[in-house]
Amino acid sequence: GIDPFTKMTRPSSDLTAFREHFAKAKHIAIITGAGVSAESGVPTFRGPGGFWRKWQAQDLATPEAFSRDPSLVWEFYHYRREVMRSKMPNPAHLAIAECEARLGQQGRSVVIITQNIDELHHRAGSKHVYEIHGSLFKTRCMSCGEVKANHKSPICPALDGKGAPDPNTKEARIPVELLPRCERKSCNGLLRPHVVWFGETLDSDILTAVERELEKCDLCLVVGTSSIVYPAAMFAPQVASRGVPVAEFNMECTPATQRFKYHFEGPCGSTLPPALERHESEAV
Ligand code: OAD
């Protein structure tokens, strides 16, 4: 519709119209951010709960912070890994995974492009996931570069019981040889979380694959992201500029909202399941 005051077109919140696009789409791209995990109890970055001790992620998720104080940065990631043990996928993750499986049987594809490092899409059963910011549960060796899945709890004995988020917690100051180390014989390099930190670039193979998906999709959903961190912030606007319908699911408007065809406001655990449930026209 046209806003009578601003004369700008507003995104529609007509679920029936969205469902008509959904019924016809052959390749659906779903871009997700921290908001998709909010109802699982995982704090978002820019919402309340974005602090650990006296820092925000932007302060510790940097290569400079890690080289200055690897013990502190590992405490932070150890805490975030341990927190995830008590968190479960929510109805939004499950609706996405169920939709991928169901449409797959109809020869249609659903791909998830997530900025989240919590692996909740995998745990919900999604198969086709691009983790563009990496994973809390992967490590990368600073010496040999090996990337490895790692779900150990604790990740190393020295971090056991460390990482408490309270601002008055004393720093563990773990000697670097007792932090997580590469298990490859003759390497023993320092491991770091395999996540993309501020000031680092995204993996170019993943970006190329994501670009291909964005060019192929005929429907795009953008769920629970503030759309301010690049390059992910430009993915959905880029799809919209091709004339492909984009639907945003968020608690509020974002800087990108005006560029989209649909905007569904509210918690995505409530708004996504009815949007993605089986359409009456579906064969299976
Ligand atoms: P943000 O914390 O910036 O934004 C979360 C978004 O989710 C906001 O727009 C909220 O309105 C929305 N939201 C919150 N709860 C929701 C719910 N229940 N349902 C729907 N939407 C909800 O998180 P991201 O956009 O993911 O990067 O942040 C992007 C990147 O910035 C992160 O991947 C991280 C961060 O710094 C790196 O670490 C490299």
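Look a little higher up for the structure.
I will try to describe carefully the structure that is included in this document.

## Considering the sheet that holds strand β11 (residues 262-265)
Reasoning step 1: Pairing within the open sheet is parallel, and its 6 strands lie in the order β5-β4-β1-β9-β10-β11. The strands lining the two open edges of the sheet, one partner per strand, are β5 (129-131) and β11. Ignoring strand direction, the axes of neighbouring strands in this sheet form an average angle of 15 degrees.
Reasoning step 2: With 4 bridges connecting them, strand β10 (residues 246-250) and β11 associate as parallel partners. Within β11, the position partnered with Phe-249 by the bridge is Phe-264.
Reasoning step 3: On the sheet, helix α1 (residues 15-24) packs against β1 (27-32), β9 (219-223), β10 and β11 and is oriented at approximately 120 degrees with respect to β11.
Reasoning step 4: Sitting on the sheet, helix α6 (residues 91-105) is in contact with β1 and β4 (109-114), with an inclination near 150 degrees to β4.

## Side note on the packing of aromatic side chains
Reasoning step 1: Going through the model one piece at a time under the given rule, you end up with 11 aromatic pairs.
Reasoning step 2: Ring centres of Phe-18 and Phe-22 lie 6.3 Å apart, and the angle between their planes is 15 degrees; this geometry places the pair in the stacked category. Linking Phe-18 with Phe-22, this pair stays in helix α1, spanning 4 residues, or about one helical turn.
Reasoning step 3: Under the relative-accessibility criterion, Phe-18 is labelled buried at 0%.
Reasoning step 4: For the pair Phe-18 and Phe-249, a centre-to-centre distance of 6.1 Å together with 80 degrees between the ring planes defines the contact as edge-to-face. One end of the pair, Phe-18, is in helix α1; the other, Phe-249, is in strand β10, with 231 residues separating them in the sequence. Taken individually, Phe-18 and Phe-249 each receive the classification buried, so the pair is uniform in this respect.

What counts, and where the lines are drawn
- Residues numbered from 1 in each chain as written.
- Predicted model: local features only at pLDDT ≥ 70, side-chain atom pairs only at ≥ 80, totals over all residues.
- Heavy atoms only, no water.
- Pairing = 2+ DSSP bridges.
- Helix = DSSP H or I, 4+ residues; strand = E, 2+ residues; numbered from the N terminus.
- Axes fitted to C-alpha atoms, helices over the stretch in contact; angles between N-to-C directions.
- Contact = heavy atoms within 4.5 Å.
- Phe/Tyr/Trp six-rings, centres within 6.5 Å; stacked < 30°, edge-to-face > 60°.
- Buried < 20%, exposed > 50% of the residue type's maximum accessible area, 1.4 Å probe, protein only.

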